[in-house]
Amino acid sequence: MFIEVFYKKSKVQNDNLLKTEAYVDGRWVTAGSGKTFNVNNPATGELIASVPDMNREDVRAAIDAAHDAWQPYRELSAKDRSVLLRKWYTLILENKDELANLMTIESGKVLKESIGEVEYGASFIEWFAEEAKRTYGDVIPAPTNDKRIVVIKQSIGVVAALTPWNFPLAMITRKVAPALAAGSPVVVKPPSETPLTALALAELAERAGFPRGVYNTIATTESSEVGKELCENRKVRKLSFTGSTQVGKILMSQCSSTLKKMSLELGGNAPFIVFDDADIDAAVKGAIASKFRNSGQTCVCVNRFFAQDKIYEEFVSKLTAAVAALKIGNGLDPGVQVGPLISEKGLNKVKQYVEDAVAKGAAVRGGGKEMGGLYYQPTVLANATADMIIAQEEVFGPVAPVFKFSSEEEVIKMANDTEYGLAAYFYTKDVSRCWRVAEALECGMVGINEGLISNAAAPFGGVKQSGIGREGSKYGMDYFMELKYICFGNIQ
Ligand code: SIN
């Protein structure tokens, strides 16, 4: 009955996915203050649209709506929640081209990758639509015969999802799909760079028929104030964030006031090791895929390449040739493989890290220059050393520094010499080495002879200062559910 009412409501459809209002409590709304902010295309600088610039009070209203929706939503059967997710999944795929276009226009991501991201993002919804039906509990043998021990899993409550601009769609679905599957309403706070994809997703969630208040998306430039409310509001029971380690630490301290459960997917400093027994051409292919995806702006992008001394020159030369062949430009243009960076700040950081590396002895083997606007040439830096900023900090741009090593033991130490521990990659043909190195690397995810490792079936997340928790996979639901132990006593 509950669902039917909302399916009927969603029949009032508008095919245009460019939404310029926020979605709160089942309605499209402006900011209470009436303020708006502009969203611009990083490829051209052009204005795309203006959206509401919401403040703490506006977000409080979204939290209240989500909280009011929690009780009736969690009472839906797992099957009904699964059906809603499946419907949303189908709508996203039906609107793949329009979503991808919007994503490219607001994030600069090249169109082929945007299409890939829509499919990748949708795959989390498909995955958790299935998992919704499998949140099994447990029956545990009791220590005495007069008792029975049962464990059930229950929805955690309102979930706040704070998402980044580098994956405007998939980082939302990777968080909200398990929450919605588990029976938890969501408040999505997208970044100010890419609110439009998030609002388009909200439109499709409305069309899918999620009950009023279950799915909310705000928009704001006041990230610290709004983030504080999401952290400190007692009605929010779980906060899931993807972004920098620096911001993750601030959110964690703010969440301590309510002891809120958190999942944090933070920065990385991924090593990519090429041993001298590797297939060098395969390693170069993997290197290009991993390093230059989204112009180098992903948390799992390679940050440091390590090539063994015997094959160092061969790897650097082949990588340089492959990088020189990359087509750079507006992500909407056919064949373009590397788009602009997201902002002036991002571009300046890339320039600074390259200048620092060159000053400390790096040799520019390809690229190394800005190209006007927010474009930077894909770059290879040979002779990289540990004292360069790029050895410790995430460059988040299309720059590939290559370090030299001589032994397995040495490179494991070099690879682990970072506060981060998200992804790592290595290339070798030696099976014993595969196990040794994979086990020795301090990280949450390892690609062996593979540069692209993300998918809905696998647990995504890091160790050390790269985060807390895992997203996706059969483990993903547990982060949005609470265990309850029930004791049956006096059994005769
Ligand atoms: C990220 O960069 O945060 C996500 C990358 C991925 O899902 O592959």
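Residues numbered from 1 in each chain as written. Predicted model: local features only at pLDDT ≥ 70, side-chain atom pairs only at ≥ 80, totals over all residues. Heavy atoms only, no water.

Caption draft 1: Here's a closer look at the UniProt feature "active site" (unreviewed entry) in the chain. Per the UniProt annotation, the sites labelled "active site" (unreviewed entry) are Glu265. Relative to the elements of secondary structure, glutamate 265 occurs in strand 11 (residues 261–265). Owing to a relative accessible area of 4%, glutamate 265 belongs among the buried residues under this scheme. Each residue touching glutamate 265, except ones within four places of it in the same chain, is listed here: Met171, Arg174, Phe241, Thr242, Gly243, Cys299, Leu422, Phe460, Ser466 and Glu471. (UniProt positions renumbered as here; feature names shortened; annotations may be inferred. Helix = DSSP H or I, 4+ residues; strand = E, 2+ residues; numbered from the N terminus. Buried < 20%, exposed > 50% of the residue type's maximum accessible area, 1.4 Å probe, protein only. Contact = heavy atoms within 4.5 Å.)

Caption draft 2: Examining the environment of valine 150 more closely. By the element assignment, valine 150 lies in strand 6 (residues 148–155). For valine 150 and leucine 422, which are 272 residues apart along the polypeptide, the C-alpha to C-alpha distance reads 36 Å. Filtering out sequence-adjacent residues up to four positions away, valine 150 remains in contact with Asp138, Lys484, Tyr485, Ile486 and Phe488.

Caption draft 3: Focus on the sheet that holds strand 12 (residues 270–274). The seven strands are arranged 14-15-16-13-12-17-18 in an open sheet whose pairing can be described as mixed. The open sheet is flanked by strand 14 (363–366) and strand 18 (445–448), the only strands paired with a single partner. If you compare each strand with its neighbour and ignore which way they point, the axes differ by 25 degrees on average. Taken together, the three bridges between strand 15 (residues 379–382) and strand 16 (residues 399–405) define a ladder with parallel strand orientation. (Pairing = 2+ DSSP bridges. Axes fitted to C-alpha atoms, helices over the stretch in contact; angles between N-to-C directions.)

Caption draft 4: Geometry of the side chain of arginine 56. Structurally, the position occupied by arginine 56 is in helix 2 (residues 56–75). Of the polar contacts made by the side chain of arginine 56, one reaches the side chain of glutamate 229; its length is 2.7 Å. Of the polar contacts made by the side chain of arginine 56, one reaches the side chain of glutamate 232; its length is 3.3 Å. (Polar contact = N/O pair within 3.5 Å; in protein donor to acceptor, adjacent residues only side chain to side chain.)

Caption draft 5: Geometry of the site of the ligand. Among the 13 residues in the neighbourhood of the ligand, the closest are listed as Tyr120, Arg174, Arg293, Cys299 and Ser454. The contact in question runs from an oxygen atom of the ligand to an N or O atom on the side chain of tyrosine 120, over 2.6 Å. Between an oxygen atom of the ligand and a side-chain N or O atom of glutamate 265, the distance comes to 3.0 Å. Taking 260 Å² as the accessible area of the ligand by itself, protein coverage stands at 100%. Among the residues forming the shell around the ligand, the class breakdown is six nonpolar, four polar and three charged. (Near = heavy atom within 4 Å. Areas by Shrake-Rupley, 256 points an atom, 1.4 Å probe, with all protein chains shown as cover. Nonpolar A, V, L, I, M, F, W, Y, C, P; charged D, E, K, R; others polar.)

Caption draft 6: Main features of the packing of helix 3 (residues 78–94) against helix 6 (residues 170–182). In contact at an axis separation of 8 Å, helix 3 and helix 6 are set at 150 degrees when each is read in the N-to-C sense. Classed by the angle they form, the pair helix 3 and helix 6 counts as roughly antiparallel. As helix 3 runs across helix 6, the sense of the crossing is right-handed. Across from Arg81, Leu85 and Trp88 in helix 3, the residues of helix 6 making contact are Thr173, Val176, Ala177, Leu180, Ala181 and Ala182. Residues belonging to the contact of helix 3 with helix 6 are distributed by class as follows: seven nonpolar, one polar and one charged. (Parallel < 35°, antiparallel > 145°, perpendicular 65-115°, else oblique. Left-handed = near helix turned anticlockwise from the far one by under 90°.)

Caption draft 7: Quick look at the sheet that holds strand 6. Judged by pairing direction, the sheet is antiparallel, and its three strands sit side by side in the order 5-6-20 without closing on themselves. The outermost strands of the open sheet, each flanked by one partner alone, are strand 5 (138–140) and strand 20 (481–488). This sheet shows a mean twist of 25 degrees between the axes of neighbouring strands, independent of strand direction. Pairing analysis gives three bridges linking strand 5 to strand 6, with the strands arranged antiparallel. From the neighbouring strand, valine 139 faces strand 6, where its bridge partner is valine 150.

Caption draft 8: Structural detail: the packing of aromatic side chains. Tallied over the entire structure, the rule returns 13 aromatic pairs. Between tryptophan 88 and tyrosine 215, the aromatic rings sit 5.3 Å apart at their centres with planes inclined by 70 degrees, giving edge-to-face as the arrangement. Of this pair, tryptophan 88 sits in helix 3 while tyrosine 215 sits in strand 9 (residues 215–217), and the two are 127 residues apart along the sequence. In this structure tryptophan 88 comes out as buried when scored by relative accessible area, which is 0%. A relative accessible area of 1% means that tyrosine 215 is categorised as buried. (Phe/Tyr/Trp six-rings, centres within 6.5 Å; stacked < 30°, edge-to-face > 60°.)

Caption draft 9: Seen up close, helix 5 (residues 111–131). Spanning 21 residues, helix 5 covers 30 Å between terminal C-alpha atoms, matching the ideal 30 Å at 1.5 Å per step. The set of residues buried in helix 5 consists of Ser114, Glu117, Val118, Tyr120, Gly121, Ala122, Ser123, Phe124, Ile125, Phe128, Ala129 and Glu131. (Expected span 1.5 Å × (residues − 1).)

Caption draft 10: Quick look at helix 12 (residues 344–359). Helix length check: helix 12 (16 residues) gives 22 Å between terminal C-alpha atoms against 22 Å at 1.5 Å per residue, within 8%. Buried residues of helix 12: Leu347, Val350, Tyr353, Val354, Asp356 and Ala357, and no others. Looking at the packing, one finds that the buried side of helix 12 touches strand 15, helix 13 (389–392) and strand 16. Directly beyond the C-terminal end of helix 12, a positive phi value near 110 degrees is found at glycine 361.

Caption draft 11: Structural context of the packing of helix 4 (residues 96–107) against helix 7 (residues 195–208). Contact pair helix 4 / helix 7: the axes reach a minimum separation of 8 Å and the direction vectors enclose 160 degrees. By the angle between their directions, the pair helix 4 and helix 7 is classed as roughly antiparallel. Touching Leu99, Leu102, Met103 and Glu106 of helix 4 are Pro195, Leu196, Thr197, Ala200 and Leu204, all from helix 7. Counted by class, the contact of helix 4 with helix 7 contains seven nonpolar, one polar and one charged residues.

Caption draft 12: Structural detail: the pattern of salt bridges. Evaluated as defined, the whole model comprises 29 salt bridges. Linking arginine 174 and glutamate 265 is a salt bridge whose minimum nitrogen-to-oxygen distance equals 3.1 Å. You can see arginine 174 sitting in helix 6 and its partner glutamate 265 sitting in strand 11, a full 91 residues away along the chain. Per residue, the accessibility class of arginine 174 equals that of glutamate 265, and both read buried. Salt-bridge contacts for arginine 433 lead to aspartate 277; the nearest nitrogen and oxygen are separated by 3.6 Å. Taken together, the positions of arginine 433 in helix 15 (residues 431–440) and aspartate 277 in the loop between strand 12 and helix 10 (280–292) put the pair 156 residues apart, joining distant regions of the chain. Residue class for aspartate 277 comes out partly exposed when judged on its relative accessible area of 23%. Linked through salt bridges whose partners overlap, the residues forming this network are Arg56, Arg60, Glu225, Lys228, Glu229 and Glu232. (Salt bridge = Lys/Arg side-chain N within 4 Å of Asp/Glu carboxyl O.)

Caption draft 13: Up close: the pairing of strand 8 (residues 186–189). Here strand 8 shows two buried faces, one formed by Val186 and Val188 and the other by Val187 and Lys189. Across four bridges, the pairing between strand 7 (residues 158–162) and strand 8 is parallel. The partner of alanine 160 across the bridge, within strand 8, is valine 187. Note on the crossover from strand 7 through helix 6 to strand 8: the handedness is right-handed. In terms of strand pairing, strand 8 meets strand 9 through three bridges, oriented parallel. Residue valine 186 lies in a different strand from strand 9, and its bridge partner there is tyrosine 215. In terms of handedness, the path from strand 8 via helix 7 over to strand 9 forms a crossover that is right-handed. (Right-handed = clockwise from strand over helix to strand, strands pointing away.)

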